[in-house]
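Structural characterization, general
Okay, here's what each chain looks like letter by letter:
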Amino acid sequence: MTDTDATPTEVPVADADWWRQATVYQVYPRSFADSDGDGLGDIAGVTSRVPYLAQLGVDAIWLSPFYPSELADGGYDVADYRDVDPRLGTLADFDDMVAAAHGAGLKVIVDIVPNHTSDQHVWFREALASEPGSPARARYVFRDGLDGGATPPSTWPSNFGGSAWTRLTRPDGTPEQWYLHLFAPEQPDLDWSNPEVRDDFKATLRFWSDRGVDGFRVDVAHGLAKDLVEPLRDANPKDFGLPTDGSDPLYDRDEVHEIFQEWREVLDEYDPPRTAVAEAWVARERVSLYARPTELGQAFNFELTRAEFDPAEFRTIIESNLELAAESGASSTWVLSNHDVVRHATRYGLPATTDGDAFLLSGGTSPELDRATGLRRARAASMLMLALPGSAYVYQGEELGLFEVADIPDDQLQDPVWIRTEHGLKGRDGCRVPLPWDTSSPAFGFGTHEPHLPQPAWFADSAVSVEEGDADSTLSLYRRALALRHQLQRGEDLTWVDDDPAVVHFARHDGWHSVTNFSTEAAALPEGEVLLSSGPVETPAGGAAQLPGETTVWLRVR
Ligand code: NOJ
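The notes below deal with the structure included here. Because the structure is predicted, anything quoted here is derived from the model rather than measured. (Residues numbered from 1 in each chain as written. Predicted model: local features only at pLDDT ≥ 70, side-chain atom pairs only at ≥ 80, totals over all residues. Heavy atoms only, no water.)

Concerning the sheet that holds strand S4 (residues 142–143)
To keep things clear, this is the line we draw: Any two strands are treated as partners once DSSP identifies two or more bridges connecting them. Strands here mean DSSP runs of E at least two residues long; helices mean DSSP runs of H or I at least four residues long; both are numbered from the N terminus.
The strand order across the open sheet formed by three strands is S4-S6-S5, and the pairing between neighbours is antiparallel. With partners counted over all chains shown, the strands left at the sheet margins are S4 and strand S5 (165–169), one partner each. Note: S4 against strand S6 (residues 175–180), two bridges, orientation antiparallel. Looking at the pairing, phenylalanine 142 lines up with tyrosine 179 of S6.

This is the structure:
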């Protein structure tokens with residue numbers, strides 16, 4: 001049955017609602033475009049590529065952190081929340097970038113990292129120079145050790161491996177208190193029960209909003225509120241997932257929502273209100289709490305980054321996330337790749353038996369990567385994602401069909417995961433390699449100097465200059481898909497069409513259908529005008545058109 005006769009709800013897109021169905025392009029600034037030839041991408045590099053992004057057809061740019069940072073964690077160790085890393089430019093460069101983006105009709109979202117600062121932040125330096133119990137230490141989580149001081153105050157683990165506590169030593173070598181860091185030791189956690197911390201982040205939200213920023217991506221949003229009452233309770237083992245009653249001492253505590261209610265008041269001081277999207281790795285049913293209109297307004301749904309290329313999994317994820325978004329009043333978000341996960345063209349090209357997370361984090365060095373399958377499936381999944389109601393987050397380079405770079409030499413790896421796991425896990429550098437723009441320039445047009453992570457020779461096949469001239473390239477597919485998405489997208493609902501369990505088929509408004517065949521065998525192609533397909537669609541002589549395996553087709557069904 002093709003129930004195009006369902007009457008979807010019209011949702012008017014006022015400017016304040018621009019984010020609801022936006023395509024947001026994630027820029028990892030140090031690896032996007034290098035304008036000054038130092039091997040690191042920068043803000044002026046982003047400005048220089050605004051025309052590219054406008055032509056691609058995205059609605060907004062989200063910049064991962066570009067703030068001053070010692071780069072202990074790719075910039076997620078922020079030394080000053082209200083400045084630009086001098087290696088990446090100046091505030092004036094930032095203003096120029098925002099003006100260029102706005103001039104091209106693109107919104108700008110910046111990353112805010114409230115769970116932890118860098119150990120180079122002036123507050124942490126003050127804390128180190130101050131005595132235990134001082135106000136400077138009260139901005140962070142300092143505690144005495146157990147058993148006379150030598151044992152960490154709790155068993156809490158760092159997300160990057162090892163303990164979440166590091167012990168300080170006085171200049172004369174005497175050991176003293178421990179401080180908490182849920183990530184690297186260079187990322188001390190703030191104590192969000194401290195009003196000074198709360199006020200300072202509100203000042204940061206206003207600082208960037210006053211400069212014209214349209215929204216914020218909130219790092220580790222579920223981590224800010226902690227149960228610091230002693231004795232410190234053990235955290236729940238990650239493997240079993242977080243409890244759904246807010247009782248974990250570290251993550252997804254109910255008090256965190258008071259913080260975001262305060263933030264919403266600040267975001268609503270602006271016209272249009274500034275948007276925010278939570279990075280919250282919490283139980284599915286708790287994600288929508290962060291997305292309430294009285295809080296951040298939207299939350300990431302990362303489930304597609306963990307899903308197999310499987311129709312039942314995709315369908316369940318889509319259905320449940322649309323329901324959850326509807327509950328909170330937000331629109332859903334969709335993510336296939338970002339700066340923390342192995343690129344989806346690689347994930348889909350690995351044997352199905354490959355063990356998910358453990359393997360992915362190890363860097364995806366499997367010799368069994370089947371590139372043709374990976375890319376075919378990635379293109380199909382991307383088109384499916386771009387047909388869904390809600391916001392689609394596209395990670396830089398996925399529009400080129402890039403694979404993970406799996407062979408970065410060990411001595412060039414930068415991710416703290418690599419160091420903290422004593423070289424057990426490679427970490428995330430493989431998706432952060434500087435982009436290939438142009439095959440006729442050094443560093444594939446990224447910049448004039450050797451890039452901060454090495455680019456593989458095969459990047460030449462996927463450079464923008466190559467793909468631009470190829471009507472069948474992944475870049476051409478994304479451009480056409482995004483142009484069509486703008487034209488066709490109305491309303492925020494879909495109607496399922498159940499005709500084949502190997503196929504995920506849904507209808508949006510006005511007869512726009514998206515049909516994805518997840519199997520390797522051809523399936524029946526529903527009748528309609530083919531608007532776009534992720535791979536070749538052929539009609540055998542005298543026969544009906546077929547939907548090839550691992551392909552998405554957008555149709556107009558009258
Ligand atoms: C999530 C970010 O996406 C990741 O890159 C970072 O390492 C952690 N938060 C810590 O800030």
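Some remarks on the pairing of strand S1 (residues 23–27)
It is a general feature of regular strands that their side chains alternate between the two faces of the sheet. This is how the line gets drawn: Between buried and exposed lies partly exposed: a residue is buried under 20% and exposed over 50% of the maximum accessible area for its type, with that area taken using a 1.4 Å probe on protein chains only.
Most of S1 is tucked away: five of the five residues are buried. Every second residue of S1 is oriented toward a common face, with Thr23, Tyr25 and Val27 on one face and Val24 and Gln26 on the other, all of them buried. Where S1 lies against strand S11 (residues 391–395), four bridges are found, and the strand directions are parallel. Looking at S11, one finds that valine 24 is bridged to tyrosine 393. Both S1 and strand S2 (residues 60–63) contribute to a ladder of four bridges, which runs parallel. Across the sheet, glutamine 26 pairs through a bridge with tryptophan 62, a residue of S2.

Brief notes about the nonpolar core
Formally: What makes a nonpolar core is a set of buried Ala, Val, Leu, Ile, Met, Phe, Trp, Tyr and Cys residues whose side-chain atoms join them at distances within 4.5 Å.
If you look at the biggest cluster of nonpolar residues, it comprises 130 residues, and the most contacted ones within it are Tyr25, Phe66, Phe260, Trp263 and Trp554. Sort the elements by how many residues they give to this core and helix H12 (residues 371–387) lands first, with eight residues. Of all hydrophobic cores here, the second largest spans 16 residues; its members include Trp165, Ala184, Leu250 and Tyr251.

Focus: the sheet that holds strand S9 (residues 297–299)
As a reminder, the rule being used: Note on geometry: axes are C-alpha line fits, over the in-contact stretch for helices, and angles between N-to-C directions span 0 to 180 degrees. Note on definitions: a residue-residue contact is assigned when non-hydrogen atoms from the two residues lie within 4.5 Å.
Strand order in this open sheet of eight strands is S9-S8-S7-S3-S2-S1-S11-S10, and the pairing throughout is parallel. Each end of this open sheet is capped by a strand with a single partner; those strands are S9 and strand S10 (333–335). Here the average twist between neighbouring strands, direction ignored, is 25 degrees. Looking at chain direction, strand S8 (residues 275–278) and S9 are connected through three bridges and run parallel. Counted as the bridge partner of alanine 278 is alanine 299 from S9. Set on the sheet, helix H5 (residues 195–210) makes contact with strand S3 (107–112) and strand S7 (215–218); between it and S3 the angle comes to about 155 degrees.

Some thoughts on the layout of surface pockets
Basically, it comes down to this: Two kinds of site are reported from a 1 Å grid over the protein atoms alone, namely cavities, where a 1.4 Å probe fits but cannot get out, and pockets, open sets with protein on both sides within 12 Å along at least five of seven lines, and residues are called lining when an atom falls within 4 Å of a point. Grid points are joined across faces, edges and corners, and a volume is the space filled by probe spheres set on the points. When residue character is reported, Ala, Val, Leu, Ile, Met, Phe, Trp, Tyr, Cys and Pro are called nonpolar, Asp, Glu, Lys and Arg charged, and the others, Gly included, polar.
Each pocket or cavity is described by its volume, and for the second largest pocket that value is around 460 Å³. Together, 27 residues line the second largest pocket, and Leu375, Arg379, Asp472, Ser473 and Thr474 are the ones closest to its centre. For the lining of the second largest pocket, the secondary-structure elements that each account for two or more residues are H12, helix H14 (464–468) and helix H15 (474–488). Residues belonging to the lining of the second largest pocket are distributed by class as follows: nine nonpolar, nine polar and nine charged.

Here we look at the packing of aromatic side chains
Threshold: Aromatic rings from Phe, Tyr and Trp, taking only the six-membered ring of Trp, are treated as a pair when their centres fall within 6.5 Å; an angle between ring planes under 30 degrees marks them as stacked, one over 60 as edge-to-face, and anything in between as tilted. Counting as a charge over the ring demands two things of the Lys NZ or Arg CZ atom: a distance within 6 Å of the ring centre and an angle within 35 degrees of the ring normal.
According to the stated counting rule, one finds 34 aromatic pairs in the structure shown. Ring centres of tryptophan 62 and tyrosine 393 lie 6.1 Å apart, and the angle between their planes is 75 degrees; on these two criteria the pair is classed as edge-to-face. With tryptophan 62 in strand S2 and tyrosine 393 in strand S11, this residue pair connects regions lying 331 residues apart in the sequence. For tyrosine 393, a relative accessible area of 4% puts it in the buried group. Pairing phenylalanine 124 with tyrosine 140 gives two aromatic rings, centres 5.0 Å apart and planes at 80 degrees, and the pair type is edge-to-face. Highlighted residues: phenylalanine 124 in helix H4 (residues 122–128) and tyrosine 140 in the loop between H4 and S4, separated in sequence by 16 residues. Here the aromatic residues Tyr81, Trp192, Phe201, Phe260, Trp263 and Tyr290 are joined through ring pairs into a cluster of three or more. In this arrangement the basic side chain of arginine 315 is found over the ring face of tryptophan 496, its NZ or CZ atom lying 4.1 Å from the centre.

As for the packing of H12 against H15
Where we set the bar: Reported orientations rely on four angle classes, namely roughly parallel under 35 degrees, roughly antiparallel over 145, roughly perpendicular from 65 to 115, and oblique for the rest. For any helix crossing, the convention is left-handed if the near helix is rotated counterclockwise from the far helix by under a right angle, and right-handed if that rotation is clockwise.
One can describe the packing of H12 onto H15 by two numbers: an axis separation of 10 Å at closest approach and a directional angle of 15 degrees. Relative to H15, the element H12 lies roughly parallel. Relative to H15, H12 is oriented so that their crossing is right-handed. Along its contact with H12, which presents Leu375, Arg379, Ser382, Met383, Met385, Leu386 and Ala387, the element H15 presents Thr474, Leu477, Tyr478, Ala481, Leu482 and Arg485. Here the residues of the contact of H12 with H15 sort into nine nonpolar, two polar and two charged.

Some words on unusual backbone geometry
Here the amide bond leading from glutamate 230 into proline 231 is cis, since omega sits at 0 degrees, within 30 degrees of zero. The residue leucine 71 is not glycine, and still its phi comes out positive at about 60 degrees. Relative to the assigned elements, leucine 71 resides in the loop between S2 and helix H3 (91–103). For leucine 71, a relative accessible area of 26% puts it in the partly exposed group. One non-glycine residue, phenylalanine 444, lies in the positive phi region at around 50 degrees. By the element assignment, phenylalanine 444 lies in the loop between helix H13 (416–420) and H14.

A short note on H12
This is how the line gets drawn: In a helix, the anticipated span is given by 1.5 Å times the number of residues less one.
In a regular helix each residue adds 1.5 Å, so 17 residues correspond to 24 Å; H12 covers 24 Å between its end C-alpha atoms and thus fits that length. Here H12 lies mainly inside the structure; 13 of its 17 residues are buried.

Considering the site of the ligand
So the rule is basically this: Near, as used in this document, describes a residue that has one of its heavy atoms within 4 Å of the molecule or strand being considered. Nitrogen and oxygen atoms within 3.5 Å of one another constitute a polar contact, given that in protein one can donate a hydrogen and the other can accept it, and given that sequence-neighbouring residues count only through two side-chain atoms. Here the open area of atoms and residues is found with the Shrake-Rupley method and a 1.4 Å probe, where only the protein chains shown may cover a residue.
The immediate surroundings of the ligand are formed by 14 residues, with Asp73, His116, Asp219, His339 and Asp340 found nearest. Contact between the ligand and histidine 116: an oxygen atom at 2.9 Å from a side-chain N or O atom of the residue. Within the side chain of aspartate 340, a nitrogen or oxygen atom sits 2.4 Å from an oxygen atom of the ligand. For the ligand, whose unbound accessible area comes to 290 Å², protein coverage reaches 97%. In the shell around the ligand, the residues fall into four nonpolar, three polar and seven charged.

Some remarks on the pattern of salt bridges
The following threshold applies: The working definition used for a salt bridge is a side-chain nitrogen of Lys or Arg within 4 Å of a carboxyl oxygen of Asp or Glu.
Within this structure, the stated rule accounts for 38 salt bridges. For the salt bridge of arginine 20 with glutamate 492, the shortest nitrogen-to-oxygen distance reads 2.6 Å. With a gap of 472 residues between them, arginine 20 in the segment before S1 and glutamate 492 in the loop between H15 and strand S12 (495–496) connect regions that are remote in the sequence. The exposure class assigned to glutamate 492 is partly exposed, which follows from its relative accessible area of 22%. Arginine 170 serves as the salt-bridge partner of glutamate 131, at 3.6 Å between the closest nitrogen and oxygen. Within this pair, whereas glutamate 131 is found in the loop between H4 and S4, its partner arginine 170 is found in the loop between S5 and S6, the two being separated by 39 residues in sequence. Among the residues examined, glutamate 131 registers a relative accessible area of 47% and is labelled partly exposed. Connected via shared salt-bridge partners are Asp73, Asp340, Asp415, Arg428 and Arg432.

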